[in-house]
Protein chains: 2
Amino acid sequence: MCVPGCQEVVARRLSRRGLFRGVAGMSAAGVASLAGFSALPAGGAFAAPVSFSKVVDLTHVLDPSFPTYFGKPQLEIRQLFSFDKDGFNLNEWVVNEHTGTHLDTPFHFSKDGPSADALPIETLVVPLAVIYVREKAAADPDYRITAADIATWEAANGSLPPGAAVALNSGWEAHLGTDKFRNADASGTMHFPGFHVDVAPVLAGKGVAGVVVDTLSLDYGASKDFSFHYKWLGSGRWGVEAAANLSVLPAKGATLVVGGPKIKGASGGPSRVLALV
Amino acid sequence: MCVPGCQEVVARRLSRRGLFRGVAGMSAAGVASLAGFSALPAGGAFAAPVSFSKVVDLTHVLDPSFPTYFGKPQLEIRQLFSFDKDGFNLNEWVVNEHTGTHLDTPFHFSKDGPSADALPIETLVVPLAVIYVREKAAADPDYRITAADIATWEAANGSLPPGAAVALNSGWEAHLGTDKFRNADASGTMHFPGFHVDVAPVLAGKGVAGVVVDTLSLDYGASKDFSFHYKWLGSGRWGVEAAANLSVLPAKGATLVVGGPKIKGASGGPSRVLALV
């Protein structure tokens, strides 16, 4: 899956602990400026009964060739038993928590935020608002959702519902299977859209529980400091990366189901993500 | 997690390929006697809009100590990055597909049935019927659900809805954390309730899509031939093992959401299983 130069970038990134420490320090301020873990919305979706008549699968099929942020495979499937030889089929997986369509928990970018087993299920089944920025992302692969995009959505659809999730429909899914999905330049820097760090407090102020992207990162690909990750996850909220089929959803009215792993201490993990429409 | 003698039993089981081949042969007849893969119900739940006002999490928290059918740990969590050292937390897992609250696909006990990535999502979000046999299981740990239990449920609740899932509420969850959850005897043979093989064609004939148990196996613990697994999964239907919180659900009216892994070729996998009530 690796494009030219990306492994060097990975090596640089993973050795830049000074950067990570520095950003972690910055993120502490981010946490302080938001509501904090205790403000994780709970049950916001259930003020009234929810109704749906179809299910849309927002999950990509995951195999070892699925693109990854760091550009190297993050899933190995080991066959332990086979039907022909043993009478049944059974594999084990060696899998990185941040592979395929997956959950990012607060613990991923905080010292002691909730891990995957600690997120209340009420915060993972929530109203879904879909922000359409496909033309903007096509014109600028480094595009980041701004407060203006949120205002435009609310002008058309009313206020974001309490406890909602907000999804980035950037159209980037169309590039899956090509190098443009990671869109790394000669230096290995990736170029795909994401959420602007300044939108984190805006969404948190509206009681949003989580965000969803159709790319490999909540931050835009060229980010060097994961600033949205630190501010958003660090405030006790969650994210979903590499979601599928956002383009077939209504801007308003769907209910998101994040079938995240309930594994003790997980920073996230491959998830079954659905929309009830 | 292993109780005295169980590892020897595991070794015997895994070496008994003759048995598995023999049972696989038997299962071929089972498949022929059922509707076959093409009969996997599709969209049965969506004849009318579904409404719910709360979510019940049917998923146990999974950690390396969670009990397993074979009695040995099936999950290893490897920390790759830590917030204090690296600025973010990230693990990888080495995990057996049949660990914790998890999905069994048709491919688990058939040569070429649908794997986890190939099960239509409409067959994983379905009406849930809960069969209460707690006193029977308390009196007989080898109890298996029979056609009479299905008839009793239908007499009280009407016909099983098309495409439904049928859950075994045996009360066995109360034993989690004690040796009684596996309930292995001195020979290593386990004793916990399950589905009787003769119920497979009865449920298939009613268009049931999947079954759910609150134990470690769809078959009862003392089974030597996995006969229900072969007949049920071999007919293109699915199962969920080690479900939580079935006892708080109504007998009728909940909608099951099986958030199974969408991993290519998976025979099953840890899943986020929910009930919409």
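Everything numeric here is computed off the predicted structure, so don't read it as measured data. (Residues numbered from 1 in each chain as written. Chains lettered and ligands numbered in written order. Predicted model: local features only at pLDDT ≥ 70, side-chain atom pairs only at ≥ 80, totals over all residues. Heavy atoms only, no water.)

The helix and strand tally for chain A stands at 7 helices and 14 strands. Per-residue burial for chain A yields a buried fraction of 61% across its 277 residues. Of the contacts formed within chain A by residues at least 6 apart in sequence, a portion of 75% connects residues at least 24 apart. Of the roughly 9,300 Å² of accessible surface on chain A, 56% is carried by carbon and sulfur atoms. (Helix = DSSP H or I, 4+ residues; strand = E, 2+ residues; numbered from the N terminus. Buried < 20%, exposed > 50% of the residue type's maximum accessible area, 1.4 Å probe, protein only. Contact = heavy atoms within 4.5 Å. Areas by Shrake-Rupley, 256 points an atom, 1.4 Å probe, with all protein chains shown as cover.)

Within chain A, residue pLDDT values average 87, and 83% of them lie at 70 or more. With a pTM of 0.88, the predicted complex shows an ipTM of 0.87. (pLDDT = per-residue confidence, 0-100.)

Another aspect to go through is the interface of chain A and chain B. Contacts between the two partners involve 71 residues from chain A and, on the opposite side, 70 residues from chain B. Between chain A and chain B, the buried area comes to about 6,100 Å², and carbon and sulfur atoms account for 63% of it. Looking at the side of chain A facing chain B, the largest losses of area belong to Trp 93, Lys 262 and Arg 272 of chain A, adding up to 14% of the total buried there. One can count 4 salt bridges joining chain A with chain B. (Buried area = accessible area lost by both parts, 1.4 Å probe. Salt bridge = Lys/Arg side-chain N within 4 Å of Asp/Glu carboxyl O.)

As a further point, take the sheet that holds strand S2 (residues 55-57) of chain A. Residue and element names in this part refer to chain A. Sheet architecture is open: 9 strands sit in the order S2-S14-S12-S6-S8-S10-S11-S5-S13, paired in mixed fashion. Looking at which strands have only one partner, the edges of the open sheet turn out to be S2 and strand S13 (268-270). If you compare each strand with its neighbour and ignore which way they point, the axes differ by 25° on average. Relative to strand S11 (residues 238-241), strand S10 (residues 210-213) runs parallel, the two being bridged by 3 bridges. Note on S11: the bridge partner recorded for Gly 210 is Trp 238. (Pairing = 2+ DSSP bridges. Axes fitted to C-alpha atoms, helices over the stretch in contact; angles between N-to-C directions.)

Another aspect to go through is the pattern of salt bridges. In total, this model carries 18 salt bridges over all chains according to the counting rule given. When the shortest N-O distance is used, the salt bridge between Asp 57 of chain A and Arg 272 of chain A registers 2.8 Å. A residue pair is termed long-range when its members are at least 10 positions apart, and Asp 57 of chain A in strand S2 and Arg 272 of chain A in strand S14 (residues 272-276) qualify at 215 residues. Asp 84 of chain A is the salt-bridge partner of Lys 111 of chain B, the closest N and O atoms lying 2.7 Å from each other. Residue Lys 111 of chain B is located in the loop between strand S5 (102-104) and strand S6 (125-132), and its partner Asp 84 of chain A is located in helix H3 (residues 83-86); the two belong to separate chains. Through salt bridges with shared partners, one network takes in Asp 57 and Arg 272 of chain A together with Lys 262 of chain B.

On to the relation of the copies chain A and chain B. With an RMSD of 0.0 Å, chain A superimposes on chain B once it is rotated by 180° and translated 0.0 Å along the axis. Seen this way, the second copy is the image of the first under a two-fold rotation axis. When you check the interface residues of chain A against chain B, 99% turn up at the interface there too, and the contact is symmetric in its surfaces. (Least-squares fit on C-alpha atoms with pLDDT ≥ 70 in both.)

What follows covers the pairing of S6 of chain B. Residues in a regular strand point their side chains to alternate faces of the sheet. Residue and element names in this part refer to chain B. For S6, a buried count of 7 out of 8 residues is recorded, marking the element as mostly surrounded by other parts of the structure. Across 4 bridges, S6 lies against strand S12 (residues 254-259) in antiparallel orientation. Within S12, the position partnered with Leu 128 by the bridge is Ala 254. Bridging between S6 and strand S8 (residues 165-169) involves 5 bridges; their strand directions are parallel. Along S8, the bridge assignment pairs Tyr 132 with Asn 169.

Once that is clear, we can look at the sheet that holds strand S4 (residues 90-96) of chain B. Spatially, 4 strands are ordered S3(A)-S4(A)-S4(B)-S3(B) in an open sheet, and the strand pairing comes out antiparallel. The open sheet has two edge strands, strand S3 (75-81) of chain A together with strand S3 (75-81) of chain B, and neither has a second partner. Between one strand axis and the next, the sheet turns by 15° as a mean value, whatever way the strands run. Of the strand pairs in this sheet, S3 of chain A and strand S4 (residues 90-96) of chain A are connected by 6 bridges, and their pairing is antiparallel.

Residues and elements named next belong to chain B. Among the residues of helix H5 (residues 147-157), those classed as buried are Asp 149, Ile 150, Trp 153, Glu 154 and Asn 157. Each buried residue of H5 lies within a common arc of 135° when the element is viewed along its axis, so the set occupies one face. Away from its buried face, by an angle of more than 90 degrees, H5 presents the exposed residues Thr 152, Ala 155 and Ala 156. Residues of H5 that are buried in the fold lie against S6, helix H4 (134-139), strand S7 (144-145), S8 and helix H6 (199-205). Just downstream of H5, Gly 158 is the residue with a positive phi angle, here 90°. (Arc of directions from axis to C-beta.)

Let's shift gears to the side chain of Asn 157 of chain B. All names here are of chain B. Position of Asn 157 relative to the elements: it lies in helix H5. According to the relative accessible area criterion, Asn 157 is buried, its value standing at 18%. Apart from the residues within four sequence positions on either side, Asn 157 is in contact with Ala 251 and Lys 252.

Residues and elements named next belong to chain A. Looking at where Ala 254 falls in the secondary structure, it is placed in strand S12 (residues 254-259). Using a relative accessible area of 3% as the deciding quantity, one classes Ala 254 as buried. In the structure, Ala 254 is positioned 125 residues away from Ala 129 in sequence and 7.6 Å away in space, judged by C-alpha atoms. If near-sequence neighbours (up to four positions away) are discounted, Ala 254 is found in contact with Val 126, Pro 127, Leu 128, Ala 275, Leu 276 and Val 277.

Another aspect to go through is the packing of aromatic side chains. Enumeration according to the criterion identifies 17 aromatic pairs over all chains in this entry. Taken together, a centroid distance of 6.2 Å and an interplanar angle of 70° make the contact between Phe 52 of chain A and Phe 52 of chain B edge-to-face. Residue Phe 52 of chain A is found in strand S1 (residues 50-52), and its partner Phe 52 of chain B is found in strand S1 (residues 50-52); the two belong to separate chains. Residues Tyr 69 of chain A and Phe 226 of chain A carry aromatic rings whose centres are separated by 5.8 Å and whose planes lie at 50° to one another, so their mutual orientation is tilted. Here Tyr 69 of chain A, found in the loop between S2 and S3, pairs with Phe 226 of chain A, found in the loop between S10 and helix H7 (227-233); they are 157 residues apart in sequence, far enough to count as distant. Assessed through its relative accessible area of 12%, Tyr 69 of chain A is described here as buried. Among the aromatic residues, ring-to-ring pairing joins Tyr 69, Phe 70, Phe 109, Phe 226 and Tyr 230 of chain A together with Phe 81 and Phe 88 of chain B into one connected group. A cation over a ring is seen here: Arg 144 of chain A above Tyr 220 of chain A, with NZ or CZ 4.0 Å from the ring centre. (Phe/Tyr/Trp six-rings, centres within 6.5 Å; stacked < 30°, edge-to-face > 60°. Lys NZ or Arg CZ within 6 Å of the ring centre and 35° of its normal.)

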